[in-house]
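Here is what each chain is made of, one letter per residue.
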Amino acid sequence: MKEQKIIHKQLIKNMFFNMVLFTIIFSAFSLLIFAQLNRYLYVPVDQEIKKSKSDYLKYVEVDSKDDEVILNFDKVNNPRITCIIRDEDGNVVNATSFGKNLQAYIKEINFSKKNLDQIYEVSVNSNYFYRGTCFEVELPDDEKVYVELLVNINSEKEMIDNFAKTLSVGTGIVILLSIFVSYGLAVKAMRPIVRNYKKQSEFIQNVSHELRTPLTIIHAKQEMLLQSPNSKIIDKSEDIALTLNETRRLSKMIKELMELARNDQEKIKLNKEKTDINSLIEETVLPYCDMAKLQKKEIKLKLECKKEIKVDRNRLKQLIIILLDNALKYTEENDSIEVESYNKDDKCFINVRDTGIGISDEGLKRVFERFYREDKARSRETGGTGLGLPIAYTIVSLHGGSIKMGHNKPKGTVVAVRI
Ligand code: ADP
C-alpha cells in the first residue's frame with residue numbers, strides 16, 4: 001500500500017512537472033511569435049511613413065517671384081496617407097481638403113509638439129487607429145506649420161487582435177491537452193520504474209522464500225539429530241544426506257544469485273575468440289554421456305556448424321551445461337537428448353532437444369524468469385533452483401543472440417539458441 005502511495009505521488013509530481021514545462025514552452029513560444037508579429041507588422045507601415053515624409057518634403061516649394069513657400073502637397077499621390085497641416089497653435093489649416101466625416105474625426109486627433117519627427121500611434125474615439133509622424137515646415141516671416149502624416153492601421157490592429165485571441169484560445173487548449181499528455185508521459189516514464197520496483201520486491205520475496213525452505217529443512221534435521229545423540233551415523237545417514245543435499249543446493253543457489261547480480265550490475269566483459277562450436281560442444285557434452293548411459297538415456301550429437309564463431313568459450317560451455325543438465329533432469333529412462341549445431345551466414349544455431357516430460361505452454365512463457373520452476377517438488381529433488389535458464393538467457397544476451405524454448409515433436413522440449 002505504501003509502495004502504491006509513493007508511486008502515485010511520484011506520478012503526480014512527474015505529471016505536474018511535465019505540465020508546467022509544456023505550459024512554459026508553449027507560452028514562451030506564443031509570446032515570441034506575438035512579439036515578432038507586433039514588431040514586423042508595422043515595419044512596412046513605418047517605411048511608408050518615412051518615405052512619404054521625404055516625398056512631402058520635396059514638395060515644399062519656394063516661389064522665386066514672391067519668395068513665398070508653397071506646400072504643393074497635391075502632387076504627392078498616396079491614397080493611404082492622410083496629411084494634416086496645422087498652424088503653430090495646432091489648428092488644422094487644410095480641413096477643407098477632407099470630406100465632412102473625416103473633418104470631424106480629424107478634430108479628435110490630439111496634437112503634441114513633443115512627438116515631432118518621431119513615429120507614434122494615435123487613436124480616434126478608440127475606434128480608428130493611426131500610425132504617423134509630424135514634422136515642422138518653416139514659412140517666411142518666421143512662421144511655421146506642422147505637417148502630420150497618418151496611416152490607418154485598423155486592419156493591422158485587427159490582425160494582431162485576432163492573432164492574440166487565437167493564441168490565447170490555442171494556449172488554453174494546449175494547456176488542457178498538456179494535462180492529458182503530461183499524464184500519459186508520466187505514466188509511460190513511470191512504467192519501467194514500477195516494473196523494476198515490482199520485480200525487485202518480487203525477487204526479494206522469492207530469494208527469502210527460496211533460502212528459508214532449505215534452511216528450515218537443515219534446521220529441523222539437525223534438531224532431530226541432536227535429540228538422539230547416541231545414534232550411529234549409519235542410522236541417520238538419510239537425514240545427513242538430505243541436509244548435505246540442501247546445503248549443496250543452497251550454495252549453488254547463492255553462487256547463481258551472485259552471478260546474476262553481477263550480470264545485472266556491471267557490463268560484463270566477454271572474452272570472445274574465434275571458436276569451433278562443434279568441438280566446443282563435443283568436449284562439453286562428452287563427460288555427460290556416461291552419466292546419461294547410467295540413467296539409461298542416450299545423448300546424440302548432430303554437429304554441422306561449418307563456421308568458426310566469435311564467442312566467450314567459458315560462457316558458452318556454461319550455457320551448454322545448463323541446457324544439457326536440464327535435459328537430463330527432465331527426461332526419464334529410455335529418453336534421448338540431441339545436441340544439434342548448424343550455421344546460417346554468420347550466425348550459429350544450437351538446439352538441445354529432448355524427448356522428456358515436456359513443459360506446459362504457460363511454462364514456456366515463464367522459464368526465463370528467475371526462480372520459475374514448473375514442478376517445484378521435482379526440481380527440489382533434482383537440485384533445481386530456477387536460476388539456470390535466467391543465467392543462460394543472460395549469457396546469450398551478452399553475445400547479442402536469442403534463446404527460445406519450445407515443444408519438441410512428438411514429445412519433450414527443445415531449446416533453440418542463436419548466436
Ligand atoms: P532448474 O534449476 O529448476 O532446472 P532452470 O531455470 O534451469 O531451473 O529451469 C526452470 C524450469 O524450466 C525448470 O524448473 C523446469 O520446470 C523447466 N525446464 C527447463 N528445462 C526443461 C526441459 N528440458 N524440459 C522440461 N522442462 C524444463
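Here, every reference points to the structure presented above.
All residue numbers here refer to positions counted from 1 along the written sequence of the relevant chain. Per-residue local features of the predicted model are confined to residues with pLDDT of at least 70, and side-chain atom pairs are confined, for both listing and counting, to 80 or more; whole-chain, interface and lining totals are unaffected and use all residues. Values reported for side chains reflect all heavy atoms of the structure, with hydrogen atoms and water molecules removed beforehand.

**Q** I would appreciate a short explanation of the pairing of strand S5 (residues 128-139) in the present structure.
**A** Consecutive side chains of a regular strand alternate in pointing toward one face of the sheet and then the other. Pairing between two strands is assigned when DSSP locates at least 2 bridges connecting them. Secondary structure elements follow DSSP: runs of H or I of four or more residues count as helices, runs of E of two or more count as strands, with numbering from the N terminus. Of the strand pairs in this sheet, strand S4 (residues 120-124) and S5 are connected by five bridges, and their pairing is antiparallel. From the neighbouring strand, Val-122 faces S5, where its bridge partner is Tyr-130. From the end of S4 to the start of S5, which pair antiparallel, there are three residues, and Asn-125 there has a positive phi angle of about 50 degrees. Relative to strand S6 (residues 143-152), S5 runs antiparallel, the two being bridged by ten bridges. Following the sheet pairing, Gly-132 is matched in S6 by Leu-150.

**Q** In this structure, what is going on with the pattern of salt bridges? I would like to understand it.
**A** Two side chains bearing opposite charge may form a pair once their charged atoms approach each other closely. In what follows, salt bridge is the name for a side-chain nitrogen of Lys or Arg lying within 4 Å of a carboxyl oxygen of Asp or Glu. Evaluated as defined, the whole model comprises 23 salt bridges. Glu-256 is the salt-bridge partner of Lys-252, the closest N and O atoms lying 3.5 Å from each other. Of this pair, Lys-252 and Glu-256 are both found in helix H5 (residues 237-265), four residues apart, which corresponds to roughly one turn of the helix. The buried label applies to any residue whose accessible area, calculated with a 1.4 Å probe on protein chains only, is under 20% of its type's maximum; exposed applies above 50%, and partly exposed to all values in between. Judged by its relative accessible area of 32%, Lys-252 is partly exposed. Close ionic contact of Glu-338 with Arg-353 constitutes a salt bridge, the shortest N to O distance being 3.8 Å. With a gap of 15 residues between them, Glu-338 in strand S10 (residues 336-344) and Arg-353 in strand S11 (residues 347-354) connect regions that are remote in the sequence. Sharing partners across several salt bridges, the network here consists of Asp-46, Glu-121, Arg-131 and Lys-157.

**Q** Looking at this model, I keep getting lost on the side chain of Thr-385. Mind explaining?
**A** Within the secondary structure layout, Thr-385 lies in the loop between helix H9 (376-381) and helix H10 (388-398). The term polar contact refers here to a pair of N or O atoms within 3.5 Å; inside protein, the definition further demands a hydrogen-donor-capable atom paired with an acceptor-capable atom, and it admits residues adjacent in sequence only when both atoms are side-chain atoms. Separated by 2.6 Å, the side chains of Thr-385 and Glu-256 make a polar contact. A distance of 3.3 Å separates a polar side-chain atom of Thr-385 from the backbone nitrogen of Leu-387.

**Q** Help me out: how do you make sense of the site of the ligand in this one?
**A** Neighbouring the ligand are 21 residues, the closest being Asn-326, Lys-329, Asp-354, Thr-385 and Leu-389. At 2.9 Å from an oxygen atom of the ligand is found a side-chain nitrogen or oxygen belonging to Lys-329. Interatomic distance of 3.0 Å between a side-chain N/O atom of Tyr-330 and an oxygen atom of the ligand. Computed with the Shrake-Rupley method and a 1.4 Å probe, the accessible areas treat only the protein chains shown as cover for residues. Protein burial of the ligand: of its 530 Å² of free accessible surface, 98% is covered by the chains. For this classification, the nonpolar set comprises Ala, Val, Leu, Ile, Met, Phe, Trp, Tyr, Cys and Pro, the charged set comprises Asp, Glu, Lys and Arg, and every other residue, Gly included, is treated as polar. Its residues assigned to classes, the shell around the ligand comprises nine nonpolar, eight polar and four charged. Here a residue is near a molecule or strand as soon as one of its heavy atoms is found within 4 Å of it.

**Q** Would you mind showing me how to read the environment of Asp-361 here?
**A** Looking at the secondary structure, you find Asp-361 in helix H8 (residues 361-366). Sequence separation between Asp-361 and Gly-406 is 45 residues, and the spatial gap between their C-alpha atoms is 8.6 Å.

**Q** I'm lost on the packing of helix H1 (residues 2-41) against helix H4 (residues 154-227) in this one. Help?
**A** It is at 7 Å that the axes of H1 and H4 come closest, and there the two elements cross at 155 degrees. If you check the angle between H1 and H4, you find them roughly antiparallel. Both H1 and H4 take part in a crossing whose hand is right-handed. Taken together, the residues of the contact of H1 with H4 sort by class into 26 nonpolar, eleven polar and two charged. Orientation is described by axes fitted as lines to C-alpha atoms, over the contacting stretch for helices, and by angles from 0 to 180 degrees between their N-to-C directions. Each angle receives one of four descriptions, namely roughly parallel if under 35 degrees, roughly antiparallel if over 145, roughly perpendicular if within 65 to 115, and oblique otherwise. Should the near helix be turned anticlockwise from the far one by less than a right angle, the crossing is termed left-handed; should it be turned clockwise, right-handed.

**Q** What am I meant to see in helix H6 (residues 277-294) here?
**A** Quick reminder: α-helices carry 3.6 residues per turn. Residues three or four places apart thus point the same way. By this rule, a helix spans an expected 1.5 Å times one less than how many residues it contains. Here H6 spans 27 Å end to end across 18 residues, near enough to the 26 Å set by a 1.5 Å rise per residue. Two axes define the bend at a residue: one fitted to the seven residues ending there, one fitted to the seven starting there, and the bend is the angle between them. In H6, a bend of some 35 degrees at Leu-286 exceeds every other bend along the element, and Pro-287, a proline, comes one to four places later. Listed as buried for H6 are Ile-277, Asn-278, Leu-280, Ile-281, Thr-284, Val-285, Tyr-288 and Ala-292. Contacts are residue-level and defined by heavy atoms, with any inter-residue pair within 4.5 Å sufficient. Contacts from the buried residues of H6 go to strand S7 (272-276), strand S8 (298-304), strand S9 (308-312), helix H7 (313-329), S10 and S11.

**Q** Help me out: how do you make sense of the side chain of Thr-133 in this one?
**A** Structurally, Thr-133 can be placed in strand S5. One polar contact links the side chain of Thr-133 to the main-chain carbonyl oxygen of Gln-118, over a distance of 2.8 Å. The residues contacting Thr-133, other than those within four sequence positions of it, are Ile-49, Lys-53, Asp-117, Gln-118, Ile-119, Tyr-120, Val-147, Glu-148 and Leu-149.

This is a description of form; function is not addressed.
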